[in-house]
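Geometric and topological summary
The primary structure of each chain is shown beneath.
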Amino acid sequence: MDPVVATCTSWLLDPWWGEVLGEGSNIVRFQRRFSLVGRGVPGEGDVFRFVFGMPEVDVAAVPRGTRLERAVVERLESGGVLWVRTGWVRLG
Ligand SMILES: CC(C)(COP(=O)(O)OP(=O)(O)OC[C@H]1O[C@@H](n2cnc3c(N)ncnc32)[C@H](O)[C@@H]1OP(=O)(O)O)[C@@H](O)C(=O)NCCC(=O)NCCS
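Residues numbered from 1 in each chain as written. Predicted model: local features only at pLDDT ≥ 70, side-chain atom pairs only at ≥ 80, totals over all residues. Heavy atoms only, no water.

Further remarks concern the site of the ligand. Around the ligand, a shell composed of 13 residues is seen, among which Trp-11, Ser-25, Asn-26, Thr-66 and Arg-67 lie nearest. In the model, an oxygen atom of the ligand is placed 2.8 Å from a nitrogen or oxygen of the Asn-26 side chain. The contact in question runs from a nitrogen atom of the ligand to an N or O atom on the side chain of Thr-66, over 2.8 Å. Contact with the protein chains hides 60% of the accessible area of the ligand, taken as 880 Å² for the molecule alone. Those elements that place two or more of their residues in the shell around the ligand are helix H2 (26-31) and helix H4 (67-77). Among the elements that line the shell around the ligand, the one with the most residues is H4, at three residues. Tallied by class, residues from the shell around the ligand come to seven nonpolar, four polar and two charged. (Near = heavy atom within 4 Å. Polar contact = N/O pair within 3.5 Å; in protein donor to acceptor, adjacent residues only side chain to side chain. Areas by Shrake-Rupley, 256 points an atom, 1.4 Å probe, with all protein chains shown as cover. Helix = DSSP H or I, 4+ residues; strand = E, 2+ residues; numbered from the N terminus. Nonpolar A, V, L, I, M, F, W, Y, C, P; charged D, E, K, R; others polar.)

The structure is reproduced here in structure tokens:
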């Protein structure tokens, strides 16, 4: 029988979250299930849409209440990039 896999393309799969959120993070636990493919594409727009509900990237306007929010601000203010990555996971 052919293996069944699922794919995901998301800002949630940027391995950098592992560095800033660490053990205990649901995002990190989720992303570790996936094998990444490709190099990804810049993901600032997706992070602002999904995390902050903002249609445009506007670092000065975002809340800094959670570790993730603060990490986004620090990353972008230091000239870093957020990535959207694609990965796959075998189901069953
Ligand atoms: C996916 C999701 C449920 C994960 O949230 P979670 O279970 O809290 O994730 P973690 O356990 O990894 O959270 C680690 C830290 O990041 C923060 N965080 C996670 N997602 C956040 C979000 N969307 N906005 C603000 N902060 C967030 C948490 O509050 C926590 O910080 P804290 O310890 O200072 O409170 C959440 O990010 C979410 O609802 N996202 C919107 C939907 C989305 O992006 N879907 C994918 C589209 S491609």
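Still more ground to cover, so stick around.
Residue-level pLDDT values for the chain average 96, and 100% of them are 70 or greater. At the low end of the mean pLDDT range in the chain sits helix H1 (residues 16-21), at 96; at the high end sits H2, at 98. (pLDDT = per-residue confidence, 0-100.)

The strand order across the open sheet formed by three strands is E1-E3-E2, and the pairing between neighbours is antiparallel. Among the strands making up the open sheet, the edge pair consists of strand E1 (4-10) and strand E2 (35-42). Averaged over neighbouring strand pairs, the angle between their axes works out to 20° when direction is ignored. Bridging between E2 and strand E3 (residues 83-91) involves five bridges; their strand directions are antiparallel. (Pairing = 2+ DSSP bridges. Axes fitted to C-alpha atoms, helices over the stretch in contact; angles between N-to-C directions.)

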